[in-house]
Number of protein chains: 2
Amino acid sequence: MGKNSRDQRASVGVFDSGVGGLTVAREIMRNLPNEHIVYFGDTARVPYGSKSKDTIVRYSRQIIHFLRTQDVKAIVIACNTASALALDEVERELDIPILGVIKPGARVAVEATRNHKIGVIGTESTINSHMYKRLICEADPSITVYEKACPLLCPLVEEGWLKDPVTEEVAKRYLDGLLGKGIDSLILGCTHYPLLRSLIREIAGDQITLVNPAYETAKELGELLEREQLGNPDAPDEPRTAEPYRFFVSDMADKFGSFANSILPYDIETIQKINIEDY
Amino acid sequence: MGKNSRDQRASVGVFDSGVGGLTVAREIMRNLPNEHIVYFGDTARVPYGSKSKDTIVRYSRQIIHFLRTQDVKAIVIACNTASALALDEVERELDIPILGVIKPGARVAVEATRNHKIGVIGTESTINSHMYKRLICEADPSITVYEKACPLLCPLVEEGWLKDPVTEEVAKRYLDGLLGKGIDSLILGCTHYPLLRSLIREIAGDQITLVNPAYETAKELGELLEREQLGNPDAPDEPRTAEPYRFFVSDMADKFGSFANSILPYDIETIQKINIEDY
């Protein structure tokens, strides 16, 4: 069952519709410093949150096909929408491990809630899939899940209005109904939302647990790599033959770079643009 | 030089990244009731406003290729971003007339201004192309053009917050600088913005001419069809062999349909979903 060292030293593939998944990549960098990453952001077709299952499955297949050309040992879908709509489909077609952000997020929310009332916010497609609700209720049918799609939060994050009265007003309006239900835990079900954490914290108050699936996903990736004997044995400070973190996008590499450099604990040197429709 | 009646009875192809171009289709329906329309909305890859020239040219070529399979006699790019970034490229490759929304909008703004100060609002990519500015200054170098990208206005329209305090605050913030420059004309340089016309009117006041390129484009299409002897000779109330208006999208046909039915003077019966990457 032991994997060879070539497998172990391969990168983890991470993908998202754009920059949001960098919040997941950031947690992997922090928590699994040995691991190399190949990141793909589908900036030519972003956002995914308003698109259909068929389309998201097709896009995810193309991206996974591209990541396989980069010789990855495991794949993380660092996008809630693609995790909700495409993970089950593409998992069946793969011979390497793949995980999304929804299952880890749902699991931790079940552990966190005390009053059995959990709120979930996400894109339209994530919320309409009811994936968080389904997984939580499967784990514990006594829990009630309240869901709310928040389509304007991503554009506000992309515009950089992270601590802005407009963003606060929009977030308040979206959260009001959920908070009125007496939830004690709130899943940040879109990879952009951790960037609004302090604003959401102010609106929600100190008593509510904010669940960040990005962090939980990095932890679950670590457990998975250990279980599969796929962890990279090299210490992160050993000499490397290649850049440990490589970035690919389908469009607008420069803009991606400035966003990435503002949120990663690491300066991106090169970002390659590829035509994802060719995969 | 006379065209045959088969050409004249062919449809006009109209395309946009999504629903925004319906404001242009609506003006064509109102002003050229004889004409049939084939509309394509690229809802699988919307929005275009944050994407690069290369990508928008590639998408536009695919869409034009699809529209040609529907036997169109002329094409209207009902999207400011694609008009700004792709029109010049694709025009060279075509043997039927094609027009965008930027040139008609720029021409009318030049006619409208009295104090020679024109404002333009649009998506990031439209504004960064400086296409309105270039065309206006070519027509009259004494005019000063002030430009402002408004990336949040499209998502707010798509969310349906057309008369909302949040949208008003966002629009005010975007327009403040332009209004401070003393502009007397403002180009609504994105096909979503006419849907915010009354809100923008309130912020801008009565003294500023709001230029809606959708209306000007429909007028220019009429002139072009007449000049090329391509106008449909059938009166709109004559019996037709096919639905006069046909709609195609790359994703989410249902959602497109409800949006379309809310803004068109006509009920859409069928919307076909196609895979645009195949063209």
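Residues numbered from 1 in each chain as written. Chains lettered and ligands numbered in written order. Predicted model: local features only at pLDDT ≥ 70, side-chain atom pairs only at ≥ 80, totals over all residues. Heavy atoms only, no water.

*Asks:* Looking at this structure, how should I read the overall build of chain A?
*Replies:* A count of helical and extended segments in chain A gives 12 helices and 10 strands. Against the compact-globule benchmark of 19 Å for 279 residues, chain A has a radius of gyration of 18 Å, which places it among compact chains. By its C-alpha atoms, chain A is 55 × 40 × 40 Å across when sized along the principal axes. With 279 residues in all, chain A has 59% of them scored as buried. Taking the intrachain contacts of chain A between residues at least 6 apart in sequence as the baseline, contacts between residues at least 24 apart amount to 77%. For chain A, the accessible area works out to roughly 11200 Å², and carbon and sulfur atoms hold 47% of it. Looking at charge distribution, chain A has the averaged site of its 32 positive side-chain charges lying 3 Å from that of its 41 negative ones. (Helix = DSSP H or I, 4+ residues; strand = E, 2+ residues; numbered from the N terminus. Rg over C-alpha atoms; globule rule 2.2 N^0.38 Å. Buried < 20%, exposed > 50% of the residue type's maximum accessible area, 1.4 Å probe, protein only. Contact = heavy atoms within 4.5 Å. Areas by Shrake-Rupley, 256 points an atom, 1.4 Å probe, with all protein chains shown as cover. Lys, Arg positive; Asp, Glu negative; His and termini not counted. Charge placed at Lys NZ, Arg CZ, Asp CG, Glu CD.)

*Asks:* In this structure, what is going on with the sheet that holds strand 7 (residues 185-189) of chain B? I would like to understand it.
*Replies:* Strand-to-strand pairing in sheets goes through backbone hydrogen bonds, with the strands running parallel or antiparallel. Residue and element names in this part refer to chain B. With parallel pairing, 4 strands are arranged side by side in an open sheet as 6-5-7-8. Of all strands in the sheet, those bounded by a partner on one side alone are strand 6 (144-149) and strand 8 (209-211). Within this sheet the neighbouring strands show an average axis-to-axis angle of 20°, counted without direction. (Pairing = 2+ DSSP bridges. Axes fitted to C-alpha atoms, helices over the stretch in contact; angles between N-to-C directions.)

*Asks:* What is the right way to look at the relation of the copies chain B and chain A in this model?
*Replies:* Each of the two chain copies can be generated from the other by rotation about an axis followed by a shift along it. When chain B is fitted onto chain A, the two copies agree to an RMSD of 0.0 Å after a turn of 180° and an axial shift of 0.0 Å. Here the copies are linked by what is in effect a two-fold axis. Ranked by how close their C-alpha atoms come to the rotation axis, the residues of chain B are headed by Arg45(B), at 2.4 Å. Of the residues that chain B buries at the interface, 97% are likewise interface residues in chain A, meaning the two copies contact each other through the same surface. (Least-squares fit on C-alpha atoms with pLDDT ≥ 70 in both.)

*Asks:* Hey, could you run me through the packing of helix 5 (residues 102-112) of chain B against helix 7 (residues 131-139) of chain B in this one?
*Replies:* How two helices pack is summed up by the angle between their axes together with the distance between the axes. Residues and elements named next belong to chain B. Remark: helix 5 packs on helix 7, axes separated minimally by 9 Å, with the N-to-C direction vectors making an angle of 50°. One finds that helix 5 runs oblique with respect to helix 7. Crossing angle aside, the handedness with which helix 5 passes helix 7 is right-handed. Across the interface between the two elements, Ile-102, Lys-103, Gly-105, Ala-106 and Val-110 of helix 5 pack against Met-131, Tyr-132, Leu-135, Ile-136 and Ala-139 of helix 7. (Parallel < 35°, antiparallel > 145°, perpendicular 65-115°, else oblique. Left-handed = near helix turned anticlockwise from the far one by under 90°.)

*Asks:* Just to check I follow, could you spell out helix 2 (residues 22-31) of chain A for this structure?
*Replies:* Because each turn of an α-helix spans 3.6 residues, side chains separated by three or four positions in sequence point in the same direction. Most of helix 2 of chain A sits inside the fold, with 8 of its 10 residues counted as buried. For helix 2 of chain A, the complete set of buried residues consists of Leu22(A), Thr23(A), Val24(A), Ala25(A), Arg26(A), Glu27(A), Ile28(A) and Met29(A).

*Asks:* For this particular structure, what's the right way to read the pattern of salt bridges?
*Replies:* Pairing of side chains with opposite charge becomes possible as their charged atoms draw close. Taken as a whole, this structure holds 40 salt bridges over all chains when the rule is applied. Among the ionic pairs, Arg45(A) bridges to Asp42(A), the shortest N-O distance being 2.9 Å. You can call Arg45(A) buried: its relative accessible area is 0%. Between Arg107(A) and Glu220(A) there is a salt bridge whose closest N-O contact spans 2.4 Å. Of this pair, Arg107(A) sits in helix 5 (residues 102-112) while Glu220(A) sits in helix 11 (residues 213-227), placing them 113 residues apart in sequence. Here the residues in one salt-bridge network are Arg61(B), Glu89(B), Arg92(B) and Glu93(B), joined through shared partners. (Salt bridge = Lys/Arg side-chain N within 4 Å of Asp/Glu carboxyl O.)

*Asks:* I'm lost on the packing of aromatic side chains in this one. Help?
*Replies:* Between two aromatic rings, the relevant description is the distance of the centres plus the angle of the planes. For the coordinates displayed, the defined rule picks out 16 aromatic pairs over all chains. On the basis of an interplanar angle of 55° and a centroid distance of 5.7 Å, the ring pair of Phe40(A) and Phe66(A) is categorised as tilted. Here Phe40(A) is found in strand 2 (residues 37-41), whereas its partner Phe66(A) is found in helix 3 (residues 53-69), with 26 residues between them in sequence. Centre to centre, the rings of Tyr174(A) and Trp161(B) are 6.0 Å apart; their planes meet at 40°, and the pair counts as tilted. (Phe/Tyr/Trp six-rings, centres within 6.5 Å; stacked < 30°, edge-to-face > 60°.)

*Asks:* For this particular structure, what's the right way to read the interface of chain B and chain A?
*Replies:* Reports of interface size often rely on the accessible area that becomes lost once the parts have come together. At the junction of the two partners, chain B supplies 35 residues and chain A supplies 34 residues. Here chain B meets chain A over a buried area of about 2700 Å², counting both sides, of which 49% is carbon and sulfur. If you look at where chain B meets chain A, you find 8 salt bridges. Inspection of the region where chain B meets chain A yields 22 residue pairs in polar contact (both at pLDDT 80 or more). Of all the secondary-structure elements, those providing two or more residues to the side of chain B that touches chain A are helix 3 (53-69), helix 6 (124-129), helix 8 (153-158) and helix 9 (165-180) of chain B. At 6 residues, the largest contribution of residues to the side of chain B that touches chain A is made by helix 9 of chain B. (Buried area = accessible area lost by both parts, 1.4 Å probe. Polar contact = N/O pair within 3.5 Å; in protein donor to acceptor, adjacent residues only side chain to side chain.)

*Asks:* Just checking my understanding: could you explain the confidence of the model for chain A for this structure?
*Replies:* Note that predicted coordinates carrying low pLDDT should not be read in detail. Put simply, chain A has an average pLDDT of 94, and 97% of its residues get 70 or more. Scored by ipTM, the complex comes to 0.90, with pTM at 0.93. (pLDDT = per-residue confidence, 0-100.)

*Asks:* For this particular structure, what's the right way to read the environment of Ile121(A)?
*Replies:* Residue and element names in this part refer to chain A. Tracing the backbone shows Ile-121 in strand 5 (residues 117-122). Using a relative accessible area of 1% as the deciding quantity, one classes Ile-121 as buried. Sequence separation between Ile-121 and Lys-148 is 27 residues; the distance between their C-alpha atoms is 5.0 Å. Among all residues touching Ile-121, those that are not within four sequence positions of it are Ile-127, Lys-148, Cys-150, Leu-175, Leu-178, Leu-186, Ile-187, Leu-188, Gly-189, Cys-190, Tyr-193 and Ile-200.

*Asks:* In this structure, what is going on with the environment of Leu175(A)? I would like to understand it.
*Replies:* Residue and element names in this part refer to chain A. Relative to the assigned elements, Leu-175 resides in helix 9 (residues 165-180). Its relative accessible area of 3% is what places Leu-175 among the buried residues. Through-space distance from the C-alpha of Leu-175 to that of Tyr-279 is 39 Å; in sequence the pair is 104 residues apart. Apart from the residues lying within four places of it in its own chain, the contact partners of Leu-175 are Ile-121, Leu-186, Ile-200 and Ile-203.

*Asks:* What is the right way to look at the packing of helix 2 (residues 22-31) of chain B against helix 11 (residues 213-227) of chain B in this model?
*Replies:* Residue and element names in this part refer to chain B. Put simply, helix 2 and helix 11 touch, their axes get as near as 8 Å, and they point 45° apart. Put simply, helix 2 runs oblique to helix 11. As helix 2 packs across helix 11, the resulting crossing turns out to be right-handed. Side by side, helix 2 and helix 11 meet where Thr-23, Val-24, Glu-27, Ile-28 and Asn-31 of the first sit next to Ala-214, Tyr-215, Thr-217, Ala-218 and Leu-221 of the second. Here the residues of the contact of helix 2 with helix 11 sort into 6 nonpolar, 3 polar and 1 charged. (Nonpolar A, V, L, I, M, F, W, Y, C, P; charged D, E, K, R; others polar.)

*Asks:* Looking at this structure, how should I read the sheet that holds strand 9 (residues 245-249) of chain A?
*Replies:* Residues and elements named next belong to chain A. The 6 strands are arranged 4-3-1-2-9-10 in an open sheet whose pairing can be described as parallel. With one partner strand each, in any of the chains shown, strand 4 (98-100) and strand 10 (271-273) form the two edges of the open sheet. Ignoring which end each strand starts from, the neighbouring axes of this sheet average 20° apart. Where strand 2 meets strand 9, 5 bridges bridge the pair, whose relative direction is parallel. Its bridge partner lying in strand 9, Ile-37 is registered against Tyr-245. Of the strands in this sheet, strand 1 (11-16), strand 2, strand 3 (72-77) and strand 9 are in contact with helix 2, which crosses strand 2 at around 170°.

*Asks:* Before we go on, may I ask you to explain helix 7 (residues 131-139) of chain A in this structure?
*Replies:* The complete set of buried residues in helix 7 of chain A reads Met131(A), Tyr132(A) and Ile136(A). One side of helix 7 of chain A holds all its buried residues, which, seen down the axis, span an arc of 125°. (Arc of directions from axis to C-beta.)

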